[in-house]
Amino acid sequence: MQFKCNQTLPERAIHIALKGPDGKCQRGDGTGCFIANNVATTPGDMTERGCTYAGCRGVVGGPVKDAIQLTHGPIGCAFFSWGYRPHLADSDFHMKYTFVSDMNETNIVFGGEKKLLQSIIEASAEFPDAKAVFVYNTCSTALIGDDGRDVAKQAEAIIGKPVVFFECEGFRGVSQSMGHHVGNETIFRQLVGSIEPEGDFSRSINIIGDYNIKNDIRTFEYLFEALGLQIIARFTGNVSVDDLKIMHKAALNIVHCQRSATYIADMMKEKYGTPSINVTLWGIRNMAQALRAAAAFFGLETRAEEVIAHEVTRIQPYIDAYRQRLHGKRVFIYQGGPRVWHWIELLRELGMETETAATTFGHTDDYEKIFNQIPEGALVIDNPNVPEIEEILNRRRPDLFISGNKERYLAYKLGVPFVNGHTYDTGPYAGFVGMVNFARDIDKALHAPVWNILHQRARPAPATHHAAHGFEEVES
Amino acid sequence: MTSCLTMQDRAVAINPTRSCAPIGAMLANYGIHGAITINHGSQGCATYPRHQMARHFREPVEVATTSLTEKTTVYGGKQNLLAALKNIWERFHPTMIMVCSTCLSETIGDDIPGIIDEFLDKRPEVTIPILSVKTPSYIGNHTTGFDNFLKEIALNLPDRRKKKGETNGKINIIPGWVNPGDIRELKHMLREMGLHGLWITDYSETLDGGYYHPRPHFPRGGTTVEELRNSSKSLATIALQRHIGGEAAHIYERRYNVPAHVLTMPIGLRNTDAFVNTLVEITDHTIPESLGVERARLLDALVDTHMYTTGLRVALYGDPDMLEGLVGLIAEMGMIPAHILTAADNRSWGERMVELTEELEVESEIILKGDLHELHKRIKQRPVDLLMGHSKGKFIAEAENIPLVRVGFPVEDRFGYHRRSIVGYNGATALVDEITNMIFERRATAIVSNTLLETGLERPTDIPITLRNGAAHHP
């Protein structure tokens, strides 16, 4: 089994698998089973992957709302990571401002430590209300050997606030996934547990791995609070530095994104004995399960059933209506990691089936979960490149492509309906209420009149005709 | 009336107005039909600019990367670049490959031209040009990458075998960092004059394409490599931005004996006149009636709007060339470019701007090496009525409750701005319309500058004036 576009790149075969009869998988090279993942991208491959800095600054550290987000490096890294991910909070300092030590050629030759120190001091003086300075290392400053950790220590003594140095230079690791790891570890090492507050934390939780994209938290936090639980820290989305310092007091960690944030839950388990549960906060059944699991831990089962029943009754009519319109549609999901397996079940609740699943930086555990959930005949592909995405969209003709902003315009050029699952077209999509938004956006994507115009005028046959070709046409 | 030149004095950059060099080279390479960029560095150095360009142009932007990781960083990126060249060649058969460097590959010292030569030696069947462009982010900014790419084109692509007096009858035009809409407007002007332009480079279609079935292998449009080879036989080269393409124009003059004309970006009446006059000078063509009509329409718009715009204070930020052109139109509208801020560290440009603003009889503060945080502080000290620049200025506009007229790159929070033009008579007219409408939208009734009121320069007596926040003010 091989993609036409991969004739010149045979090593891609081990990254592709089909789910065969009886749940058996067929890998592209005909030998192994589980597809290769979390390995370096082939050079020249038009990958959609980002770098470690992106994972650390863009995903984990960036949403902390009252920290100065300072990039130690050249301007580009800071400019491009500024405000493109809508990780909202109840104040917008972190979205409005980006800071960079702005390395120039002289600094690269003679070292940037002095400039970094000065940058931290100046930034802190300009924004005295900020609670900490987060410093992110980049390729160039790592290569010239700037000792950012030492500078951070010196700066901390001068400004009297935590200066957290992230060793997240872009060339580390094979994708942005390494950046999540660095972000988790650094925040845990430097901030978590640095304050021991008094009080009763017996019914407190942390929400781990939700980044409050387009205010996702508004759709599920009130549900946990309705159980009588207190949320200490959101790791990380609408979170302050002070919240991170005391997050070790929580009685339970609720882990949502199990790729980018499991690390901190594991470290907290080891050091503080904090138990954690893995949940999915998207979809009706998933959200209900998450509430039940949290409630079970605290002995609040009855309350949980009341909350769930109330919410489900509220949204079910909408879901039923959308389900009628979305039923039977086939979906290609391509997300960073866990969202793929988070959403297979959710799409099924809307009557849709995931026919192709791909991740940018998924690891083996992600692919196991994906594989267990997808139907027979579905395709799984790791770190797909642009020609592969194009070939999948052309050959399998999914009814819907769920991916990120970069891939959006390719889908449109091929006439394939698209929903932005990465930064959301509208959102929020989490929780019970968000599920209605998600269904509404999928409906908008699928049923916009523009597709009829395209199919009539610019394409010889409608999408259903192409579906018949399915996977058979891909050469074996 | 005196303008002043200042330089921001701070190590840390807060809310920069500029980005980094590789994106400039990638953008320019998108103007060559069938060309592919290989970004030699970490994956983020390709993904981030792609994402930024997709947000501005709303088109698929595809760039290959050599995906350097720890190991390749230690041992050098040669094997990765060789593999990338092979894979891109075999998979896409592009018409040209451009390899741009990054902080990473420059700092580890990869000899990119040497690696390309080695690749070409091993693969005699590869006959396409493979250019390398130096684009480390720590030198210059996004305009530097664009300019370096144009220099590489001028040095490497044009055919040197030219018989004496041989000409293709075309004019090389280097538009610089503009929008697809701008290139289309310039093409329209040349067409009206009956001239043929050779565009270095032309992304007016590749980054603003339509829906075609089947989707073409490479986006439609773009200057072909063949045309670029032929560009040494053109009548003249006109660079419409001094800092993006000015050097390349001079290379054409020195190497291929193609006369260079380096102009101010044709924004506004006077700057557009200069462009048209240069075309006339080069070709002896007369100015057609149709362009005269467009010019008359711009004049009409300036007349019709002057009561709403005269005396308003504007803050401008962005790339030096765009600012230089824009100041012309701002002055023609009777507005005062009170703050002109660029991130570039370019003293000679700053001094020229001081002269220019004095010549235009406006008083400006020109800020070099500046960022948006600095601009915001200065606006707080000396308020303005209007802000002009890319999308990132929206935070100042919101905080100070002044309109932001979006020009430049990136405009990521509005739709269709890449299709508009700000150059030529038509572009200027459209910009006059937009500026005036922004003013109307803010203050439908008051036509007196708020800043004049607030700074007490022209305080009227007795009559209540509606202030910026809508409250009635009785002096």
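Residues numbered from 1 in each chain as written. Chains lettered and ligands numbered in written order. Predicted model: local features only at pLDDT ≥ 70, side-chain atom pairs only at ≥ 80, totals over all residues. Heavy atoms only, no water.

**Overview of the overall build of chain B**
Quick reminder of the rule: Under the scheme used here, helices are H or I runs from DSSP no shorter than 4 residues and strands are E runs no shorter than 2 residues, and both carry numbers assigned from the N terminus. C-alpha atoms define the radius of gyration in this analysis, and the globule rule sets the expected value at 2.2 Å times the number of residues to the power 0.38. Here's how the labels work: a residue is buried when its accessible area is under 20% of the maximum for its type, exposed when over 50%, partly exposed in between, all with a 1.4 Å probe on protein chains only. Should any heavy atoms of two residues lie within 4.5 Å, those residues are counted as being in contact. Only the protein chains shown count as covering a residue, and every accessible area follows the Shrake-Rupley method with a 1.4 Å probe. Here Asp and Glu are counted as negative and Lys and Arg as positive; His is not counted, and neither are the chain ends. A charged residue contributes its charge at one atom only: NZ of Lys, CZ of Arg, CG of Asp or CD of Glu.
Looking only at helices and strands, chain B features 18 helices and 17 strands. Taking 23 Å as the expected radius of gyration for a compact globule of 475 residues, we find that chain B reaches 23 Å, a close match to that expectation. Taken along its principal axes, the extent of the C-alpha atoms in chain B is 85 × 55 × 45 Å. A total of 475 residues make up chain B; the buried ones form 63% of that total. Counted over contacts in chain B with a minimum sequence separation of 6, partners at least 24 positions apart contribute 74%. Summed over its atoms, the accessible surface of chain B is roughly 17,600 Å², and 50% of this surface lies on carbon and sulfur atoms. Counting 50 positive and 58 negative side-chain charges, chain B places the centres of these two groups 5 Å from one another.

**Observations regarding the domain arrangement of chain A**
All names here are of chain A. The test is simple: The source of the domain bounds is an automatic or database domain assignment. Buried area is calculated as the accessible area (1.4 Å probe) missing from two parts once they are joined, with the contributions of both summed. Any pair of N or O atoms that falls within 3.5 Å is considered a polar contact. Within protein, one atom must be able to donate a hydrogen and the other to accept it, and sequence-neighbouring residues count only if both atoms are side-chain atoms. Polarity classes work like this: nonpolar for Ala, Val, Leu, Ile, Met, Phe, Trp, Tyr, Cys and Pro, charged for Asp, Glu, Lys and Arg, and polar for all others, with Gly in that last group.
According to the domain assignment, chain A contains domain 1 (52-191), domain 2 (204-298) and domain 3 (309-452). If you average the C-alpha positions of domain 1 and of domain 3, the two centres end up 33 Å apart. Opposite the 7 residues of domain 1 that make contact, domain 3 presents 6 residues. Across the domain 1/domain 3 interface, buried area totals approximately 490 Å², and carbon plus sulfur atoms make up 63% of it. Our count for the domain 1 to domain 3 interface comes out at 1 residue pair in polar contact (both at pLDDT 80 or more). Residue composition of the side of domain 1 that touches domain 3, by class: 2 nonpolar, 4 polar and 1 charged.

**With respect to the UniProt feature "domain: Nitrogenase/oxidoreductase component" (unreviewed entry) in chain A**
Keep this limit in mind: UniProt positions are given in the numbering used here, feature names are shortened, and annotations may be inferred rather than shown by experiment.
Here, the residues flagged by UniProt with the feature "domain: Nitrogenase/oxidoreductase component" (unreviewed entry) are residues 51-446 of chain A. This span, residues 51-446 of chain A, is 49% helix and 15% strand, and a straight line between its end C-alpha atoms measures 33 Å.

**Here's the deal with the interface of chain A and chain B**
Selection rule: Any Lys or Arg side-chain nitrogen located within 4 Å of an Asp or Glu carboxyl oxygen qualifies as a salt bridge.
Contacts between chain A and chain B engage 74 residues on the former and 66 residues on the latter. With both chains or domains summed, chain A and chain B bury close to 6,100 Å², and 64% of this area falls on carbon and sulfur atoms. When residues of chain A are sorted by the area they lose upon contact with chain B, F79, F80 and K413 of chain A head the list and together hold 14% of the total. One can count 6 salt bridges joining chain A with chain B. The residue D102 of chain A makes a salt bridge to R18 of chain B at a minimum N-O spacing of 2.9 Å.

**Regarding the pairing of strand β3 (residues 35-40) of chain B**
Residue and element names in this part refer to chain B. Convention followed: A pair of strands is considered paired only if DSSP assigns at least 2 bridges between the two. With the strands aimed away from the viewer, a crossover counts as right-handed if its path from the first strand over the helix to the second runs clockwise.
Most of β3 is tucked away, with 6 of its 6 residues classed as buried. Residues of β3 alternate between two faces, with A35, T37 and N39 on one and I36, I38 and H40 on the opposite face, all of them buried. Bridge count between β3 and strand β4 (residues 64-65): 2 bridges; the pairing is parallel. The partner of N39 across the bridge, within β4, is T65. Once the chain exits β3 it traverses helix α2 (residues 44-57) before rejoining the sheet at β4, and the crossover so formed is right-handed.

**Notes on the domain arrangement of chain B**
All names here are of chain B. When the domains of chain B are assigned, the result is domain 1 (21-155), domain 2 (171-207 + 217-284) and domain 3 (291-445). Taking only C-alpha atoms, the centre of domain 2 and the centre of domain 3 are 24 Å apart. If you look at the interface, domain 2 gives 28 residues, while domain 3 gives 34 residues. A buried area of about 2,600 Å², summed over both sides, lies between domain 2 and domain 3, and 57% of it is on carbon and sulfur atoms. Remark: the boundary between domain 2 and domain 3 carries 3 salt bridges. For R295, the salt bridge is made with D273, and the minimal N-O distance between the two is 2.7 Å. One can count 17 residue pairs in polar contact (both at pLDDT 80 or more) joining domain 2 with domain 3. Secondary-structure elements contributing two or more residues to the side of domain 2 that touches domain 3 are α8 (180-192) and α11 (269-283). For the side of domain 2 that touches domain 3, the class distribution of residues is 12 nonpolar, 9 polar and 7 charged.

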